[in-house]
Amino acid sequence: MTSNEPVPPRRLPAWRALEDHARSVVHRTMRELFAGDPGRAERLTFEAAGLVLDASKNRVTDETIPLLCELARQADVRERAEAMFRGERINVTENRPVLHVALRAPRGSSILLDGADVVPDVHAVLDRMAAFSERVRSGEWIGHTGRPVHTVVNIGIGGSDLGPRMAARALTAYADGGPATRFVSNVDPTAFVEATRDLDPAETLFVVCSKSFTTLETLTNARTARGWLVGALGDDAAVARHFVAVSTNAEGVAEFGIDVGNMFGFWDWVGGRYSLASAVGLILMLAIGPARFREMLDGMHAMDDHFRAAPLERNLPALLALLGIWNANFLGAASHAVLPYDEYLALFPAYLQQLDMESNGKRVDLSGRPVETDTGPIVWGQPGTDGQHAFFQLLHQGTRLVPCDFLGFLETLNPVGNHHALLYSNLVAQTEALAFGKPAEEVAAEGVPPELVPHKSFPGNRPSNTILADRLTPWTLGALIGLYEHKVFVQGAVWGIDSFDQWGVELGKTLAARVASELDAPDEPVLRHDSSTNALIRRWRETRRRTR
Ligand code: F6P
């Protein structure tokens, strides 16, 4: 077997053993599994890098995890992870190494890529980012009219937006002394207009963040930003003090008109959705300062070390991944909910959607053969307790099985009255209600009229993971990000897919370019799409004609 030709996981003996095992487990309930086994929670709770994973509320017996770990072994997960850490070109369809782990490697350590150590380059960029951040934060970096920066606006999309946007929100409490932050991603003009409506151009710094520096949305927004700034300050020279770039494409940056001296680079071995620890995190560093940014990198690195060293049976990312595979491929779950019980993590589900779904939303394996199993689940979620009053009904009593990750902290950063105890009690209670439900007999015993008993009973047996840390800090956020990055890696490795390409986003981009030219064409274009697409284009042109 070559690394490009994985054995389809269904053909692995461990997969077949898990199918047999699932048949024996499917009728067992968590009520029964917990009853008479007081050590279950302890046995199925794991800790690493400041995080605790309680996996006991999954539909697993003592045989399940060893079988899942055997699946990982037979799928060569360890060997594949080592290939990543060694800088091999594991992103086979783009012929690229995948080395986001190098972005958080400590100074002085070494990761070789084609014989050259990349760690010094990583730290050289981090040092430049730190020096720049200090200048902006201290007010030493001044704008074109001599005023310091009050607000930084990140213009980017996908991985050049979701990571820094999520982390800036998550670490708001650590952003004292830094500039305010705004994010513009959508090409919808409303995004730019609303983000800048109340800003003073003389005190605004734009970070144009794009790995490729060719992304339509980002370049369109960046051009609009330049027009907004130059229009207000009346001088093209203002761009030099109000625009910096984050990219791997120095030529594109220069062509756009940003001085490459004001560019912070990274490398093609960093995937967009894995890039928060690179210069893509510049706006975050500006907000929280270099020391706290480095603390986040340390948390990521601690999780990298744990992932690399810990046995599969106690390896948090591997366990999370394998339990996800158990729920999806063996128990039939099609989606996965991520439910942070912390307002600061409000954007974490959106961030994970790209991380997970762009990585593992694949239908062919590494060698191009159609996969024989389902791959990445639909990832969704929003903070508790809001979700409880919206979609939790379906989680508890709907027909679909939705495994959930509950994320929470034992201490709040904003102690006010008993809010945090109420928040945490809701987290705990939801995991309990999902796992154990409320059987019809119990409901009937409460005197509920028989016709309402089916409506008021809860089947339970719905799996969840609980992931806790003491406090939300840059370090724990870093560990959490590393946890999910490696979870996604392990799942992709078991499914035998390329988790690091994203060809599925290309067709829409190409078609949009064609449609855009047809919308704009001065003469009525000959439309050669299907009847629906043609009509949608004509409707837009007609509206334009009427309103012009
Ligand atoms: O279109 C998808 C994508 O390529 C993502 O993978 C990426 O994070 C995003 O676009 C933005 O790309 P860039 O950073 O090159 O602008």
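Turning our attention to the packing of helix H13 (residues 290-309) against helix H20 (residues 474-495). Taken N-terminus to C-terminus, the directions of H13 and H20 make an angle of 40°; their axes are 7 Å apart at the nearest point. Between H13 and H20, the crossing angle belongs to the class labelled oblique. Note on packing geometry: the crossing formed by H13 with H20 is right-handed. Judged by residue contacts, Arg292, Glu295, Met296, Asp298, Gly299, Met300, Ala302, Met303, Asp304 and Phe307 of H13 engage Pro474, Trp475, Leu477, Gly478, Ala479, Ile481, Gly482, Leu483, His486, Phe489 and Val490 from H20. Each residue belonging to the contact of H13 with H20 can be placed in one class, and the counts come to 13 nonpolar, 4 polar and 4 charged.

Moving on, we get to the pattern of salt bridges. Applying the stated rule across the entire model yields 35 salt bridges. Note that glutamate 442 and arginine 31 form a salt bridge whose closest N and O atoms lie 3.6 Å from each other. Of this pair, glutamate 442 sits in helix H18 (residues 440-445) while arginine 31 sits in helix H2 (residues 30-34), and the two are 411 residues apart along the sequence. A salt bridge links glutamate 140 to arginine 135, with the shortest nitrogen-to-oxygen separation between them at 3.2 Å.

The immediate surroundings of the ligand are formed by 14 residues, with Ser160, Ser210, Ser212, Thr215 and Glu358 found nearest. Interatomic distance of 2.6 Å between a side-chain N/O atom of serine 210 and an oxygen atom of the ligand. Look at the ligand: alone it shows 400 Å² of surface, and the protein chains cover 86% of it. Judged by the fraction of its atoms near the pocket grid, the ligand is located in the largest pocket.

A word on the packing of aromatic side chains. As enumerated under the stated definition, the model contains 21 aromatic pairs in all. Taken together, a centroid distance of 4.6 Å and an interplanar angle of 50° make the contact between tryptophan 15 and phenylalanine 330 tilted. One end of the pair, tryptophan 15, is in helix H1 (residues 13-25); the other, phenylalanine 330, is in helix H14 (residues 316-330), and 315 residues separate them in sequence. For the pair tryptophan 15 and phenylalanine 330, a shared accessibility class is recorded, and that class is buried. Measuring from centroid to centroid gives 6.4 Å for phenylalanine 243 and phenylalanine 256, while their planes differ by 45°, and the two rings are tilted. With phenylalanine 243 in strand E8 (residues 243-247) and phenylalanine 256 in helix H11 (residues 250-256), this pair connects stretches of sequence that are 13 residues apart. No difference in accessibility class separates phenylalanine 243 from phenylalanine 256, as the two residues are buried. Ring pairs connect the aromatic residues Phe192, Phe206, Phe213, Trp228, Phe243 and Phe256, which therefore count as one cluster.

An order of E6-E5-E7-E8-E9 is seen for the 5 strands of this open sheet, with the pairing classed as parallel. Each edge of the open sheet is held by one strand with a lone partner, namely strand E6 (180-184) and strand E9 (263-265). Going from strand to strand, the sheet's axes swing by 20° on average, the running direction of each strand aside. Across 5 bridges, the pairing between strand E5 (residues 151-155) and strand E7 (residues 204-209) is parallel. What sits directly across from asparagine 154, in E7, is valine 207. Relative to E7, helix H9 (residues 216-233) is tilted by about 160°, and along the sheet it contacts E5, E6, E7 and E8.

Counting 124 residues, the largest nonpolar core has Trp269, Phe348, Leu477 and Tyr484 as the members making the most contacts within it. Ranked by the residues each element gives to this core, the list is headed by H20, at 12 residues. Apart from residues lying up to four places away in sequence, phenylalanine 348 is in contact with Met166, Val338, Leu407, Leu480, Ile481 and Tyr484. Judged by nonpolar contacts, the second largest core, of 24 residues, contains Phe192, Phe206, Phe213 and Leu219.

Rules used throughout
- Residues numbered from 1 in each chain as written.
- Predicted model: local features only at pLDDT ≥ 70, side-chain atom pairs only at ≥ 80, totals over all residues.
- Heavy atoms only, no water.
- Axes fitted to C-alpha atoms, helices over the stretch in contact; angles between N-to-C directions.
- Helix = DSSP H or I, 4+ residues; strand = E, 2+ residues; numbered from the N terminus.
- Parallel < 35°, antiparallel > 145°, perpendicular 65-115°, else oblique.
- Left-handed = near helix turned anticlockwise from the far one by under 90°.
- Contact = heavy atoms within 4.5 Å.
- Nonpolar A, V, L, I, M, F, W, Y, C, P; charged D, E, K, R; others polar.
- Salt bridge = Lys/Arg side-chain N within 4 Å of Asp/Glu carboxyl O.
- Near = heavy atom within 4 Å.
- Polar contact = N/O pair within 3.5 Å; in protein donor to acceptor, adjacent residues only side chain to side chain.
- Areas by Shrake-Rupley, 256 points an atom, 1.4 Å probe, with all protein chains shown as cover.
- 1 Å grid on protein atoms, 1.4 Å probe; cavity = no way out; pocket = protein on both sides within 12 Å on 5 of 7 lines; lining within 4 Å.
- Sits in = over half its atoms within 2 Å of the grid points.
- Phe/Tyr/Trp six-rings, centres within 6.5 Å; stacked < 30°, edge-to-face > 60°.
- Buried < 20%, exposed > 50% of the residue type's maximum accessible area, 1.4 Å probe, protein only.
- Pairing = 2+ DSSP bridges.
- Core = buried A, V, L, I, M, F, W, Y, C linked by side-chain atoms within 4.5 Å.

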